[in-house]
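Architecture at a glance
Here's the letter readout for the chains.
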Amino acid sequence: MDLVLQPRELRILEGLRLAPRRKFAGSVRGERTTQSRGISIEFADYREYAEGDDLRHLDWNVLARLGHAVTKTYRDEEDLAVYVLLDGSASMGFGEPSKFETAKALACAVGYVALSGGDSVLPWMFSTRSRPSGSMRGRVAYPRLANWATSTGPEGQRAFDAELKQFAAGRSRPGVAVVVSDALHPQAVGALRSLAGRGHEVWLLQVLSDVELEPDLEGDLRLIDVETGAKAELTVNSFTLREYRERLKAHTDALAEECRRSGGRYAQVVAGERIDRLVKDVLKREGWME
């Protein structure tokens with residue numbers, strides 16, 4: 001089975017926890033203290049058992065009498081909903097190594113830390129074949145997360161803004177929404193805003209290839225959009241390259257500003273960067289994890 005991350009990389013992630021800037025109300029017992037203080041462990045309700053739940057909180061009496069597995073929930077500590085939104089559209093297959101390979105590893109790294117920290121992970125893939133997956137909890141659920149990430153490759157046309165707006169329009173409870181994408185869609189800023197508008201803390205990991213950041217092109221070219229098939233013919237020279245870089249910088253600056261404005265986080269990642277270096281130099285240093 002492909003676990004996406006190497007054992008060495010998983011060891012680096014051990015002991016880390018996600019560090020949201022805000023507190024969120026949870027739905028089940030987790031390992032994050034709520035804003036309410038002075039409350040001891042207090043039974044709150046029952047809910048359906050989910051893979052990865054702590055068996056210590058399974059109600060064995062109900063299971064024995066009714067053959068139905070339910071888990072007790074409590075009030076004093078709650079879980080954090082972590083939505084891992086991975087862009088699996090065809091454009092993510094660009095580059096060598098592809099942007100998708102790095103994005104997939106980043107999504108799994110964030111998910112592993114969340115699972116290990118007792119948070120609920122809810123993955124969502126932008127892909128023509130993928131469907132929303134259920135909630136995952138506990139480190140034991142990591143193979144299921146890895147299987148989700150490897151279940152499909154970059155393919156098809158799934159517009160970034162349409163995917164995020166569809167997700168935002170759902171009834172998901174507020175939490176941390178970790179978007180792993182190249183986010184090059186012209187309406188990407190508005191899509192992030194709609195996500196934040198639903199109460200989510202938006203974390204954007206923008207994965208770009210080195211060719212996109214510093215294109216080594218010149219002459220008369222025909223560019224083809226891998227998702228829509230649209231074609232554009234242009235002459236590439238120093239002027240067009242300078243204008244391209246200026247537009248790309250303006251776009252990424254706007255993405256970063258939108259994340260910061262709504263209380264979220266932003267980081268740009270070059271495809272092919274090592275996960276251990278990204279964890280150390282970006283995610284830990286900038287406070288995404290602690």
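Turning our eyes to something else, we now look at the packing of aromatic side chains. Enumeration over the complete set of coordinates arrives at 5 aromatic pairs. Taking the centre distance of 5.4 Å and the plane angle of 70° together, the rings of Trp-203 and Trp-288 count as edge-to-face. One end of the pair, Trp-203, is in strand β9 (residues 201-208); the other, Trp-288, is in the segment after α9 (275-284), and 85 residues separate them in sequence. Trp-288 carries the same exposure label as Trp-203, and that label is buried. Taken together through their ring pairs, the aromatic side chains of Tyr-83, Trp-124 and Phe-167 make up a single cluster.

Next up on the list: the confidence of the model for the chain. Residues at a pLDDT of 70 or more form 88% of the chain, whose mean pLDDT is 87. Confidence drops under pLDDT 50 across residues 35-40; counting only partners more than four residues distant or on other chains, this segment forms 3 contacts.

As a further point, take the layout of surface pockets. Its boundaries defined by the atoms lining it, the largest pocket holds a volume of some 1,500 Å³. Along the wall of the largest pocket there are 38 residues; nearest its centre are Leu-184, Glu-212, Leu-223, Asp-225 and Tyr-244. Of all elements in the fold, only α7 (210-213), β10 (219-224), β11 (231-236) and α8 (238-261) reach the threshold of two or more residues within the lining of the largest pocket. It is α8 that provides the largest number of residues to the lining of the largest pocket, a total of 7 residues. Residues of the lining of the largest pocket, tallied by class, amount to 21 nonpolar, 8 polar and 9 charged.

All right, on to a nonpolar patch on the surface then. On the surface, a cluster of nonpolar side chains totalling about 320 Å² of accessible area is made up of Tyr-49, Leu-55 and Trp-60. Note that Tyr-49 resides in the loop between β2 (43-48) and α2 (60-66).

In this section: the pattern of salt bridges. Inspection of every chain in the model, using the stated rule, returns 15 salt bridges. Of the charged contacts, one joins Glu-258 and Arg-193 as a salt bridge, the two residues approaching to 3.3 Å between their closest N and O atoms. A residue pair is termed long-range when its members are at least 10 positions apart, and Glu-258 in helix α8 and Arg-193 in helix α6 (residues 188-197) qualify at 65 residues. Sharing partners across several salt bridges, the network here consists of Glu-273, Arg-277, Asp-281 and Arg-285.

Bringing α6 into the picture now. Counting along an α-helix, one turn takes 3.6 residues, and residues three or four places apart therefore face a common direction. Looking at α6, one finds that the buried residues are Ala-188, Val-189, Ala-191, Leu-192, Leu-195 and Ala-196. Buried residues of α6 fall within an arc of 160° about the axis and therefore sit on the same side. Contacts made by the buried residues of α6 are with β5 (81-87), α5 (160-168), β8 (176-181), β9 and α8. Gly-199 sits one or two residues past α6 and shows a positive phi near 95°.

With that settled, consider the pairing of β5. Of all the 7 residues making up β5, 7 are buried; the element is thus mostly covered by neighbouring parts of the structure. Along β5, one buried face is formed by Ala-81, Tyr-83, Leu-85 and Asp-87 and the opposite face, lined by Val-82, Val-84 and Leu-86, is buried too. Sheet topology note: the β5/strand β6 (residues 120-126) ladder contains 7 bridges and is parallel. Residue pairing across strands places Leu-86 opposite Met-125, the latter belonging to β6. Assessed by its sense of winding, the connection that carries the chain from β5 through helix α3 (residues 99-116) to β6 is right-handed. Strand direction decides the pairing type here: β5 and β8, joined by 5 bridges, are parallel. Residue Val-82 lies in a different strand from β8, and its bridge partner there is Val-176.

How each quantity is defined
For every chain, the first residue of the written sequence is number 1, and numbering continues from 1 along that sequence. Reporting of local features is limited, given that this is a predicted model, to residues whose pLDDT is at least 70; pairs of side-chain atoms are given and counted only at 80 or more, and all residues count toward the totals for whole chains, interfaces and linings. In computing side-chain properties, one takes all heavy atoms of the structure into account and sets aside hydrogens as well as water. Side-chain rings of Phe, Tyr and Trp, where Trp is taken by its six-membered ring, are said to pair if the distance between their centres is within 6.5 Å; with planes under 30 degrees apart they count as stacked, over 60 as edge-to-face, and otherwise as tilted. Put simply, DSSP marks the helices as runs of H or I at least four residues long and the strands as runs of E at least two long, and each gets a number from the N terminus on. Throughout, exposure labels follow a simple rule: accessible area from a 1.4 Å probe, protein chains only, divided by the maximum for the residue type, with under 20% read as buried, over 50% as exposed, and the rest as partly exposed. Along the chain, pLDDT gives the predictor's confidence residue by residue, from 0 to 100. We call two residues contacting when some pair of their heavy atoms lies within 4.5 Å. Residues are called lining when one of their atoms sits within 4 Å of a cavity or pocket point, these points coming from a 1 Å grid over the protein atoms alone, where a cavity is a set in which a 1.4 Å probe fits but cannot get out and a pocket is an open set with protein on both sides within 12 Å along at least five of seven lines. Grid points are joined across faces, edges and corners, and a volume is the space filled by probe spheres set on the points. Polar here means any residue other than Ala, Val, Leu, Ile, Met, Phe, Trp, Tyr, Cys and Pro, which are nonpolar, and Asp, Glu, Lys and Arg, which are charged; Gly is therefore polar. Patch membership is restricted to residues that have no salt bridge and whose relative accessible area is over 30%. Joining uses 9 Å for like charges and 5 Å for the nonpolar side chains Val, Leu, Ile, Met, Phe, Trp and Tyr. Only the protein chains shown count as cover for residues, and all accessible areas are computed by the Shrake-Rupley method using a 1.4 Å probe. Salt bridges are defined by distance alone: a side-chain nitrogen of Lys or Arg within 4 Å of a carboxyl oxygen of Asp or Glu. As used here, the arc belongs to the directions running from the helix axis to the C-beta atoms. Pairing between strands is defined by DSSP: at least two bridges between the two strands are required. For a crossover, the right-handed case is the one in which the path from the first strand over the helix to the second runs clockwise, viewed with the strands pointing away from the viewer.

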